[in-house]
Structures are given as structure tokens and as C-alpha cells.
Amino acid sequence: MENQADWHTIHPENDPHWKGLTVNQGIQQPPNVNPYAHLRPKRKPLPTAGELVEGILKGDTTTLARAVTLVESMQHAHQAIAQEVIEKCLPHSGHSQRIGITGVPGAGKSTSIDEFGMHILKQGHKLAVLAIDPSSERTKGSILGDKTRMEKLSVQQDAFIRPSPSAGSLGGVARKTRETIVLCEAAGYDRIFVETVGVGQSETAVHSMVDFFLLIQLAGTGDELQGIKRGIMEMADGIVINKCDGDNVERAKLAQAQFRNALMLFPTPASGWTPEVLCYSGYYGLNIDMVWDMIDRYFDFVKLNGYFEQRRNEQNRYWMYETINEQLRDHFYNNPAVEQMLKEKERLVLDNRLSSFIAARDVTELYFKNDLT
């Protein structure tokens with residue numbers, strides 16, 4: 001508290017010469033601490049792997065969501081628990097139909113999934129929707145708003161919707177999605193939808209974890225003429241043209257014919273199945289049953305000729321090598337000696353004093369010669 005002399009010095013307006021002016025000292029300010037902070041519930045401790053597995057096998061969605069959060073986490077403690085949960089859930093997985101859904105932005109993927117999902121639930125199935133949401137390259141953030149466009153599914157008890165950010169690493173999010181599929185199957189979901197970020201690099205990763213790959217297209221976008229050049233069509237097990245309603249019906253029918261002609265130029269897939277092209281309307285819910293009848297025919301076909309099991313085995317092998325590659329990459333970049341040399345070599349490369357190829361060779365030689373592995 002200021003003494004009288006200091007008060008006059010700091011506030012000359014309170015000097016007797018200035019009797020007409022006064023400045024109140026004000027009131028004592030309250031402490032800048034939330035008085036209700038002690039009432040906040042304490043953060044729950046991490047559940048054990050056994051608790052998570054027990055909840056998942058019972059079909060508890062809260063436990064399932066928490067387990068998926070641990071799978072997506074980058075913390076080592078979380079990953080240790082997540083991997084133990086996945087290992088224990090693995091014997092209870094594999095009994096579902098995994099369906100990948102992709103298409104250009106604006107093709108109506110989320111709206112279509114909403115209609116497809118309601119059609120599945122009416123047949124007595126349980127559905128899990130795993131939506132890969134694109135992340136901003138600048139902020140690394142994601143909207144994760146797929147649930148808002150699945151108004152019907154989001155309120156259904158037998159539907160589990162989980163959006164995941166791509167976070168700039170499609171390979172990483174694809175592996176986590178693959179592990180999430182195992183958890184969802186153990187929780188009793190016998191139909192799995194994997195929605196991709198759109199036509200791009202993620203399709204290859206998603207194709208390696210699903211049984212049926214559905215491509216959603218639109219009429220009048222120019223894709224009909226470019227279909228022959230699109231590698232995505234080679235992966236599609238079925239092509240559906242959305243928004244076949246109102247004045248757009250004729251254009252959709254024309255696009256259907258063009259896509260069928262383009263597919264005739266492709267070699268027969270390894271499954272022996274000839275991809276079909278259908279028209280429907282996700283917004284109005286038209287011909288949804290036709291699309292699903294096509295998917296059912298596909299599963300009957302590939303299970304009969306043995307391709308279903310063959311593809312599952314190939315996928316397991318693929319993810320074994322992908323996991324090995326990712327672990328080796330993480331071990332390399334998280335090594336302190338490598339991190340230090342990378343900074344030095346990067347500075348030399350940016351100053352044009354060293355080529356990028358020689359810099360890479362020097363770093364890898366350091367890693368192997370010094371037995372940093």
C-alpha cells in the first residue's frame with residue numbers, strides 16, 4: 001500500500017493545491033483464480049487394457065470410443081495400452097463386411113452413408129462408420145463434422161460414427177483406422193463403413209483394408225470422359241452415380257452408360273467380379289435397395305469362389321509390412337544422433353553446400369555404421 005507522501009507524488013491531483021480533484025484508490029481486486037476450480041471433477045485415470053476389452057466385448061460404445069482415442073493417441077503410454085487391447089480383441093474380429101466409400105468432394109458421400117446405414121439397420125445389423133476427415137495443412141486441425149451430415153444415423157443406438165483427422169499423414173491414419181476396425185468388430189458391429197477424404201492418395205490405403213470398394217460419382221462433372229485415366233476406377237468394385245433425381249435423371253443415365261463403356265476397357269479384376277454401374281439419389285433415398293443388392297451379390301460371388309478369404313489374407317500381409325515400415329521409420333527419426341545430424345545436413349542442403357542425396361547417404365550411414373538400430 002502506498003504511503004501518503006508517495007500518494008501525492010504518484011497522484012499530484014490529490015495535492016492540497018488541487019482540492020477540486022480527487023482520485024479514489026478503488027477496491028481491492030479479487031484473486032485471479034476460479035473459486036470453483038476445486039469443484040471440477042478430477043480426470044479419470046487411464047483404464048487398464050482388461051477393463052477396455054471387457055467393455056468392448058459387451059458392446060459399450062463409451063468404452064469403445066475411449067479405446068479408439070488411445071489408438072489414435074501419439075503418447076507411448078496410450079499406445080502400449082491400445083496395442084494390448086487390439087491384441088486381445090483380435091480373436092473376436094473378422095466377422096464383418098468392410099466397405100470403403102469414396103468419391104469426389106461434393107458427391108454426397110455422407111448423405112449416402114446416412115441412407116445406406118439406415119437401410120442396413122432396418123435389416124437388423126449393427127453399423128460402424130469410420131470417416132477420415134481432411135486436416136488443414138496450415139493449422140493441422142480438422143472440422144470432424146461428418147456426424148452433422150448423418151442426421152439419421154447419429155441418433156441410432158446400433159450405429160457408431162467415428163471421424164478421425166488425417167493430420168497430414170494418410171498412412172498413419174490408415175493404420176489407426178485398420179486397428180479401429182478390429183475394435184469395432186469385437187464390439188459386435190458386423191457392417192463397417194470407411195469413408196475416405198476424397199479421390200486421392202488415401203484410396204489405396206483404404207482399399208487395402210476393405211472387402212468392397214464403392215465409388216460415388218456425379219453426372220456432368222467431366223469425370224465420365226476422364227474415367228479411363230482414373231486409377232481409382234480400377235480399384236472400384238462398384239460405381240454408383242448420385243443425385244439421379246429431378247432434371248438430372250437423363251444426365252445420370254448418360255453418365256452411367258459412359259462409365260460402363262470405360263469399364264469395358266479394363267482387364268477383369270482378380271476377383272472375377274465385373275463392377276456394376278448404378279444410379280441412385282442419396283438425398284431422396286431412391287434406389288438405395290438396388291445399390292445394396294449389388295453389394296450383397298458381390299459378397300456372395302467372392303465367398304463362393306474363395307476370393308474373399310484370399311483378399312483378407314493379402315490385407316493382413318500388407319499391414320504387417322506397413323507396420324514394420326512405420327516402426328522402422330519412427331525409430332530412425334526419433335534417434336537423438338540422427339535428429340542432430342539431420343539439422344546440420346538440412347542447413348547445408350538449404351545453403352546449397354551439399355546435395356540432398358549425399359546428405360541422405362551420410363545420415364543413413366551414421367544410423368547403420370554406429371549400430372544405432
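Predicted model only: the values in this text are computed from it and were never measured. All residue numbers here refer to positions counted from 1 along the written sequence of the relevant chain. Only residues with pLDDT of 70 or above have their local features reported here, since the model is predicted, and side-chain atom pairs are shown and tallied only from 80 upward, although totals for entire chains, interfaces and linings are computed over all residues. Only hydrogens and water are set aside; all other atoms, that is, all heavy atoms of the structure, feed into the side-chain values.

(A) Geometry of the overall build of the protein chain. Only DSSP runs of H or I reaching four residues or more are called helices, and only runs of E reaching two or more are called strands; each is numbered from the N terminus. The helix and strand tally for the protein chain stands at 14 helices and seven strands. The buried share among the 373 residues of the protein chain stands at 44%. Working rule for contacts: check all heavy atoms of both residues, and any pair within 4.5 Å makes them a contact. Of the contacts formed within the protein chain by residues at least 6 apart in sequence, a portion of 73% connects residues at least 24 apart. Summing over all exposed atoms, the protein chain offers an accessible surface of approximately 21600 Å²; the carbon and sulfur share of this is 54%. For each residue, the accessible area found with a 1.4 Å probe, counting protein chains only, is set against the maximum for its type, and the residue is called buried under 20%, exposed over 50%, and partly exposed in between. The protein chains shown are the only cover counted for residues, whose accessible areas, like all others here, come from Shrake-Rupley with a 1.4 Å probe.

(B) Focus on the packing of aromatic side chains. Each Phe, Tyr or Trp ring, with Trp reduced to its six-membered ring, pairs with another whose centre is within 6.5 Å; inter-plane angles below 30 degrees give stacked pairs, above 60 give edge-to-face pairs, and intermediate values give tilted ones. Under the criterion given, the structure shown has 14 aromatic pairs. By way of ring pairs, the aromatic residues Phe 212, Trp 273, Tyr 298, Phe 299, Phe 301 and Phe 308 are connected into one cluster. Look at NZ for Lys and CZ for Arg. If either is within 6 Å of the ring centre and within 35 degrees of the ring normal, a charge sits over the ring. Sitting over the face of the ring of Tyr 189, Lys 126 holds its NZ or CZ atom 4.6 Å from the ring centroid. Here Lys 303 stacks its cationic end above the ring of Phe 308, 5.1 Å away from the centre of that ring.

(C) Inspection of the side chain of Thr 177 at higher detail. When you line up the elements, Thr 177 lands in helix α6 (residues 170-186). Owing to a relative accessible area of 5%, Thr 177 belongs among the buried residues under this scheme.

(D) Expanded view of unusual backbone geometry. The residue Lys 243 is not glycine, and still its phi comes out positive at about 65°. Residue placement: Lys 243 occurs in the loop between β6 (238-241) and α10 (249-263). Look at Asn 287: it is not a glycine, yet its phi comes out positive at around 65°. Its location among the elements puts Asn 287 in the loop between β7 (276-279) and α11 (288-305). When its relative accessible area of 32% is taken as the criterion, Asn 287 is described as partly exposed.

(E) Summary view of the pattern of salt bridges. Here a salt bridge means any side-chain nitrogen of Lys or Arg lying within 4 Å of a carboxyl oxygen belonging to Asp or Glu. Scanning the entire structure with this criterion turns up 13 salt bridges. Across the pair Asp 211 and Arg 312 runs a salt bridge whose closest N-O atoms are separated by 2.7 Å. Here Asp 211, found in the loop between α7 (202-207) and β5 (212-217), pairs with Arg 312, found in helix α12 (residues 307-333); they are 101 residues apart in sequence, far enough to count as distant. Each member of the pair, Asp 211 together with Arg 312, is buried. Notably, a salt bridge pairs Glu 365 with Lys 369, separated by 4.0 Å at the nearest N-O pair. Taken together, the residues span about one helical turn, with Glu 365 and Lys 369 both in helix α14 (residues 356-369) at a distance of four residues. Overall, Glu 365 belongs to the partly exposed group, its relative accessible area being 32%. Residue Lys 369 is classed as exposed on the basis of its relative accessible area of 68%.

(F) Expanded view of α10. Working rule for helices: expected span equals 1.5 Å times residues minus one. With 15 residues, α10 extends 21 Å from end C-alpha to end C-alpha; this agrees with the ideal 21 Å at 1.5 Å per step. Looking at α10, one finds that the buried residues are Ala 252, Ala 255, Gln 256, Phe 259, Ala 262 and Leu 263. Projection of α10 onto a plane perpendicular to its axis shows the buried side chains occupying an angular sector of 125°, all on one side. Facing away from the buried side of α10 by over 90 degrees, the exposed positions are Glu 250 and Leu 254. Arc definition: directions from the helix axis to the C-beta atoms.

(G) Expanded view of the packing of helix α5 (residues 109-122) against α11. Helix axes use the C-alpha atoms of the stretch in contact, all axes being lines fitted to C-alpha atoms, and the angles between their N-to-C directions lie in the range 0 to 180 degrees. Their axes nearest at 10 Å, the elements α5 and α11 cross at an angle of 70°. On the basis of the axis angle, α5 is roughly perpendicular to α11. Across from Glu 115, Phe 116, His 119 and Ile 120 in α5, the residues of α11 making contact are Ile 288, Asp 289, Val 291 and Trp 292. Side-chain classes are defined by residue name, with Ala, Val, Leu, Ile, Met, Phe, Trp, Tyr, Cys and Pro counting as nonpolar, Asp, Glu, Lys and Arg as charged, and the others, Gly among them, as polar. Partitioned by chemical class, the residues of the contact of α5 with α11 number five nonpolar, one polar and two charged. Note that the term roughly parallel is reserved for angles under 35 degrees, roughly antiparallel for angles over 145, roughly perpendicular for angles of 65 to 115, and oblique for everything else.

(H) Main features of the packing of helix α2 (residues 49-57) against helix α4 (residues 76-89). Closest axis-to-axis distance for the α2/α4 pair is 9 Å, and the angle between their directions is 45°. As the angle between them shows, α2 and α4 are arranged oblique. Both α2 and α4 take part in a crossing whose hand is right-handed. Residues Ala 49, Leu 52, Val 53 and Ile 56 of α2 form the contact with α4, whose own contacting residues are Ile 81, Glu 84, Val 85, Lys 88 and Cys 89. Considering only residue class, the contact of α2 with α4 consists of seven nonpolar, no polar and two charged. For a crossing to be left-handed, the near helix must be turned anticlockwise from the far one by less than a right angle; the clockwise case is right-handed.

(I) How the structure looks around a nonpolar patch on the surface. Like-charged residues are merged into a patch within 9 Å and nonpolar side chains (Val, Leu, Ile, Met, Phe, Trp, Tyr) within 5 Å, provided each residue has over 30% relative accessible area and no salt bridge. On the surface, Met 320, Tyr 321, Ile 324 and Leu 328 cluster together to form a nonpolar patch covering roughly 400 Å² of accessible area. Tracing the sequence through the fold places Tyr 321 in helix α12. On the basis of relative accessibility, which here comes to 48%, the residue Tyr 321 falls in the partly exposed class.

(J) Layout of the nonpolar core. Val 85, Leu 183 and Met 233 are the most contacted members of the largest nonpolar core, which has 49 residues in total. Remark: nonpolar core denotes a set of buried residues (Ala, Val, Leu, Ile, Met, Phe, Trp, Tyr, Cys) joined through side-chain atoms within 4.5 Å. By size, the runner-up hydrophobic cluster in this structure holds 34 residues, among which are Ile 113, Leu 121, Val 240 and Val 291.

(K) Helix α13 (residues 336-350), seen in detail. The end-to-end C-alpha separation of α13 is 21 Å, in line with the 21 Å expected for 15 residues at 1.5 Å each. Turning to α13, its buried residues are Val 338, Met 341 and Lys 345. Each buried residue of α13 lies within a common arc of 70° when the element is viewed along its axis, so the set occupies one face. Opposite its buried face, α13 presents the exposed residues Pro 336, Lys 343 and Leu 350, each directed more than 90 degrees away. On its buried face, α13 is in contact with α12 and α14. Near the N-terminus of α13, the side chain that reaches the backbone nitrogen of Ala 337, with its oxygen 3.0 Å away, is that of Asn 335. Once α13 finishes, Asn 352 follows within two positions and takes phi at roughly 60°, a positive value. Polar contacts here mean pairs of N or O atoms no more than 3.5 Å apart (in protein, one a potential hydrogen donor and the other a potential acceptor; neighbouring residues in sequence count only if both atoms are side-chain atoms).

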